[in-house]
2 protein chains.
Amino acid sequence: MTRGLERFSMNTATLGYQAEITQTVEMIARAGFAGIAPWRRELVGTDVRQIGRLIRDCGLSVSGYCRSTYFPASSRAEWQSNVDDNKKALDEAAELQAACFVLVVGGLPVGSRDLANARQQVEDGISALLETATKLNVPLALEPLHPMYAADRACVNTTEQALDICRKLALGNPLLGVAVDAYHTWWDPKLPEMMERAGDEGRLLACHVNDWLVPTRDMLMDRGMPGDGIIDLSSFCALAEEHQYTGLFELEIFSNELWELDPCEIVNQAKRTCQSL
Amino acid sequence: MTRGLERFSMNTATLGYQAEITQTVEMIARAGFAGIAPWRRELVGTDVRQIGRLIRDCGLSVSGYCRSTYFPASSRAEWQSNVDDNKKALDEAAELQAACFVLVVGGLPVGSRDLANARQQVEDGISALLETATKLNVPLALEPLHPMYAADRACVNTTEQALDICRKLALGNPLLGVAVDAYHTWWDPKLPEMMERAGDEGRLLACHVNDWLVPTRDMLMDRGMPGDGIIDLSSFCALAEEHQYTGLFELEIFSNELWELDPCEIVNQAKRTCQSL
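Residues numbered from 1 in each chain as written. Chains lettered and ligands numbered in written order. Predicted model: local features only at pLDDT ≥ 70, side-chain atom pairs only at ≥ 80, totals over all residues. Heavy atoms only, no water.

A. Main features of the interface of chain A and chain B. On the chain B side, the residues contacting the 29 residues of chain A number 29 residues. Counting each side, the surface lost to burial between chain A and chain B is near 2,300 Å², with a carbon and sulfur contribution of 67%. Ranking the residues of chain A by area buried against chain B places Arg113, Trp187 and Met219 of chain A at the top, with a combined share of 26%. Across the pair Glu160 of chain B and Lys190 of chain A runs a salt bridge whose closest N-O atoms are separated by 3.2 Å. At the level of secondary structure, the elements contributing two or more residues to the side of chain A that touches chain B comprise α5 (115-136) and α6 (159-170) of chain A. Looking at side-chain class alone, the side of chain A that touches chain B contains 14 nonpolar, 8 polar and 7 charged residues. (Contact = heavy atoms within 4.5 Å. Buried area = accessible area lost by both parts, 1.4 Å probe. Salt bridge = Lys/Arg side-chain N within 4 Å of Asp/Glu carboxyl O. Helix = DSSP H or I, 4+ residues; strand = E, 2+ residues; numbered from the N terminus. Nonpolar A, V, L, I, M, F, W, Y, C, P; charged D, E, K, R; others polar.)

Shown next as structure tokens:
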């Protein structure tokens, strides 16, 4: 089965943040993608409501708003400031009518070896956001990151762990769910089971596609375009669809190599890639 | 609680394979370690029985023999040849009176995206070794590797997955168990639960210690000496001991930086490090 471009969204990180957000929106719409996932850094100094209107006028939906400020901190004051910053981001996500606000939760505070404490701070942080998210009707998509980022980017590292947190903090509340990213989860022997559980629990809020290159030369900046690596992405997308995922498949690729290209060229490559998926 | 050097074994990889195995054995014994874990590559062209005798004469035990030839292959003939090679290694492990033969199982065959098939080939490969292992009385220690190695080194990536394989293939047979390595498993939210399960099921055959550096500059060759990174190794060792682990803690560090040092210097550093753990 092939999927038309109307099933795909472009995460703006894939384009390397090279153009202004208004140009980026137009480029992505012109190529025929159905959605966009913008980053907060691109909206600094802009009128977010106006950007939201532009996105809709171009016929795009917002598959996700990227992303949370990391929760874990070395002091309570710093943790609170992180939570407050995330509340501001939720206002922006609401203006953008984003399908979800993506939670990349952060790792260990500098100098800490206390992983259990970092994870507790994450749970407390998500708890502290739930009321605002509910009021604004912005779903929170908790994204498990690959275990190789546990120390410095996210201490939520499997889909099972993320779903357990959802159940614990928001039983029966569908405004907390998960974002399942192929790059972060392809290796997980429990992925099929957890994809099913996410679907059953109504928590599959976002699916990101990208590829794992062999060899991987850089732990952050060497993701591949779908098809260039070893992830069976057709099966990944089919699995999500089998379990009630009706959202867009979002293309999110951090890549030094890709970012050397002109964003128009990246969009064209991405278009061909998604159409063959 | 501190542990004396009599609780530690040196994996020879930590020394960068710089010296002859006979010198390495003597160096490690002289420093006061209780055990050694040699690699197959170091024994090529030697009389393995004689090396085993030397090790024992020096007062060292063999905490593990490293390691299996990867199982997954592109053809049945190649898979069979991998299994046969591992049977030869089991003979060597028996000569060395190794506490276990370490199974690092391999990832995807070149060009393959079929992770389920690779995992099946691993199960079939372990099955095919069990009779020989039982005859020789050499325990097989299945080592889950960090998920970042799933594509090219090992498609067994969590302790839970490894224990599930043990249960499936060798219910009631203690000659199949797990090697739990801090570097590969520290991030796993289920590690405490799985360490308990491994203990309860009598399958905790080996524990490896080393550290995760932040940042990690190389996916293979940038492990840290215990204490230099962010793993809470005191808790890791205590957790193992709490769950019936009475074997040695094996120091296994792949590190470009470390390997620039003279092996004597590495042994001295390691000695100080282990004594402070």
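B. A look at the relation of the copies chain A and chain B. Laying chain A over chain B is done by rotating through 180° and shifting 0.0 Å along the axis; what remains is an RMSD of 0.0 Å. Viewed as a symmetry operation, the transformation between the two copies matches a two-fold axis. Comparing contact sets, 100% of the residues at the interface of chain A also lie at the interface in chain B, consistent with an isologous, same-surface contact. (Least-squares fit on C-alpha atoms with pLDDT ≥ 70 in both.)

C. Representation of the packing of aromatic side chains. Residue and element names in this part refer to chain A. Throughout the structure, instances matching the rule amount to 19 aromatic pairs over all chains. Judged by centre distance (5.9 Å) and plane angle (80°), the rings of Tyr17 and Trp39 are edge-to-face. On the criterion of sequence distance, the pair formed by Tyr17 in the loop between β1 (8-11) and α1 (21-31) and Trp39 in the loop between β2 (35-37) and α2 (40-43) is long-range, its members being 22 residues apart. Like Tyr17, the residue Trp39 is buried in the burial classification. Following the ring pairs from residue to residue traces out a cluster consisting of Tyr17, Trp39, Phe254 and Trp259. Stacked on the ring of Tyr17, the Lys or Arg Arg41 has its end atom at 3.7 Å from the ring centre. For the cation-ring pair, Arg223 lies above Tyr183, with the distance from its terminal atom to the ring centre recorded as 4.6 Å. (Phe/Tyr/Trp six-rings, centres within 6.5 Å; stacked < 30°, edge-to-face > 60°. Buried < 20%, exposed > 50% of the residue type's maximum accessible area, 1.4 Å probe, protein only. Lys NZ or Arg CZ within 6 Å of the ring centre and 35° of its normal.)

So yeah, pure geometry; function would need other evidence.
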